[in-house]
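Residues per chain, in single letters:
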Amino acid sequence: MKVTIIGTGYVGLVTGACLAEMGNHVVCLDLDAKKIQLLNDGGIPIYEPGLKEIVQRNVAGGRLQFTTDVERAVNHGTMQFIGVGTPPDEDGSADLQYVLAAARSIGRYMTDYKVVIDKSTVPVGTADKVKAVIAEELAQRGKTVDFAVVSNPEFLKEGAAVEDFMRPDRIVVGADDERSVLLMRALYAPYIRSHERLLVMDVRSAEFTKYAANSMLATRISFMNELALLAEKVGADIELVRKGIGSDPRIGYQFLYAGTGYGGSCFPKDVNALMRTGKEYGIDLMVLNAVDRANERQKTVLVDKVVARFGSDLRGRRFAMWGLAFKPNTDDMRDAPSREVIAQLARMGATIVAYDPAAAEEAHRVLSHVEALTIVDNVKSTLEGADALLILTEWREFKSPDFEQIKSMLKQPIVFDGRNLYEPALMKELGFEYQGIGRGTNQFT
């Protein structure tokens, strides 16, 4: 099939590359000439395991192309995916200016039937706005051309997006006409041959499903983080509690890990957008309000532990930090807990030496104003002369480090583990002062 992807950010690039991988002819459009040049030169603007290889393979095979030519892109595909950003507006709602601009471009240049697919995360009712904008452009041209607007939200996990797209647990399609549904089934058929995973529903329900899914996952995270705070007070171990409740099949084990809060491009934005939608319709989403507040508090928990150990005047203190991205296998620094931790430590006079396997370049860009921060290219360089080690991201290379080396290089063997990578009993045996999240009260030795 001929497919056009509007937007070569995280969603658009993964979607385009994975559709090309199954033999479709895909043209990706972006108005950012530098990004398109980078892609045409074989580069990738984001870090995502496996994506670069798929892009390069399909570019070489002639199935994947990148362009800034709007008319060419619109004329190419029967299937027109809109995968542009929907950043939060000042009031927390999703900013639809890029989505509607993409829709206007389609209406301005289309000459035959198109299925316009909202892949971006958009509020309920966006498909109606997209449809109206395209119809308006066609009317201005004096043209009558059939088209359909479909909601097809993405459920890709950063760090596992290629795997999620190629082996989806579900594909949600919101559509109001049979022709567009048949085309969507044909497009996704190669990904769901083993058993049916395509869920067809009305457009508004599909739009709502994406926000509901992310808000549910964010709720689980904040709930466990609140339990972790209480577990510390009562002397319980949240990791054992997690296993105890996760073994209940009604609950399951996923998204029950206590830590320093959620971040990234999805959960914070989508929770706030759904709360804003609730306000527009006169519904106060009290649970989501609590989820958001709990997450903001959780981002400072590690700092609170540092202050409890060293005091609030951190002048002359140096801290090693492992991990900057909001989660492993990505370079995404958006709303990453590390940013708040770094900001607060710096305000109290500390210096921070940090390492991240993938996010160093992005961290340099977003944290260039923090003079107290130095970003290095290996874990060893963070440790020399540091007063303590802080762990913010659960990268694999942090899970089984050389503890003797850590102990010998730190001024004092103190670890603040924001991801509960290590067992308190083992750390005690090794001679460390160790603080995890919700691991009981007797963690310092």
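Everything numeric in this text was worked out from a predicted model, so none of it was measured.

Okay, the sheet that holds strand β12 (residues 388-391) next. If you trace the 6 strands from one edge of the open sheet to the other, you get β11-β10-β9-β12-β13-β14, paired in parallel fashion. Where the open sheet ends on each side, the last strands, each with one partner, are β11 (373-375) and β14 (433-435). Neighbour-to-neighbour, the strand axes of this sheet turn through a mean angle of 20°, independent of strand direction. Both β12 and strand β13 (residues 414-417) contribute to a ladder of 3 bridges, which runs parallel. When the bridges of β13 are listed, leucine 390 appears paired with phenylalanine 416. Running at roughly 155° to β13, helix α13 (residues 301-310) makes contact with β9 (318-322), β12, β13 and β14 of the sheet. Here helix α14 (residues 337-347) sits on the sheet in contact with β9, β10 (351-355), β11 and β12, set at roughly 175° to β9.

Another point: the pairing of β9. If a strand is regular, its side chains alternate between the two faces of the sheet. Extensive coverage of β9 is indicated by the burial of 4 of its 5 residues. Pairing analysis gives 5 bridges linking β9 to β10, with the strands arranged parallel. Following the sheet pairing, phenylalanine 319 is matched in β10 by isoleucine 352. In this fold, β9 hands off to α14, which returns the chain to β10; that crossover is right-handed. Bridge count for β9 against β12 is 4 bridges, and the pairing is parallel. By the bridge assignment for β12, alanine 320 is matched with leucine 389.

A separate point is the side chain of glutamate 158. Tracing the backbone through its elements, the reader meets glutamate 158 in the loop between β6 (147-151) and α7 (161-166). The buried charged residue glutamate 158 lacks any salt bridge partner; its closest oppositely charged side chain belongs to arginine 334, at an N-O distance of 4.3 Å. There is a polar contact of 3.0 Å between the side chain of glutamate 158 and the side chain of serine 265. Here threonine 330 takes part through its side chain, which lies 3.0 Å from a polar atom of the side chain of glutamate 158. Those residues in contact with glutamate 158, other than ones at most four positions away along the chain, are Tyr10, Glu48, Ser265, Phe326, Lys327, Pro328, Thr330, Asp332 and Arg334.

Going residue by residue along β13, you find Ile414 and Phe416 tucked away on one face and Val415 and Asp417 tucked away on the opposite face as well. Crossover handedness for the path β12 to helix α17 (residues 403-409) to β13: right-handed. Inspection of the sheet shows β13 paired to β14 by 3 bridges, in the parallel sense. Residue pairing for β14: phenylalanine 416 is matched across the bridge by glutamine 435.

Cut-offs used in this document
- Throughout this document, residue positions are counted from 1 along each chain, in the order its sequence is written.
- Note on the predicted model: pLDDT of at least 70 is required for a residue's local features to be given, and 80 or more for side-chain atom pairs to be given and counted; whole-chain, interface and lining totals, by contrast, use all residues.
- Note that water and hydrogens are dropped before the side-chain values are worked out from all heavy atoms of the structure.
- Note on pairing: two strands pair once DSSP finds at least 2 bridges between them.
- By the criteria applied, helices consist of DSSP H or I runs no shorter than four residues and strands consist of E runs no shorter than two, each listed in order from the N terminus.
- Here the axes come from fitting lines to C-alpha atoms, over the contacting stretch only for helices, and the angles between their N-to-C directions go from 0 to 180 degrees.
- Contacts between residues were defined by any pair of non-hydrogen atoms, one from each residue, lying within 4.5 Å.
- The rule is simple: take the accessible area with a 1.4 Å probe, protein chains only, and divide by the maximum for that residue type; under 20% is buried, over 50% is exposed, in between is partly exposed.
- Handedness of a crossover is defined as follows: with both strands directed away from the viewer, a clockwise route from the first strand across the helix to the second makes it right-handed.
- Working convention for charge: Lys and Arg count positive, Asp and Glu count negative, and His plus the chain ends are omitted.
- Salt-bridge detection follows one rule: a side-chain nitrogen of Lys or Arg within 4 Å of a carboxyl oxygen of Asp or Glu.
- Here a polar contact is taken to be a pair of N or O atoms separated by no more than 3.5 Å, where protein atoms must pair a possible hydrogen donor with a possible acceptor and residues adjacent in sequence count only if both atoms sit in side chains.

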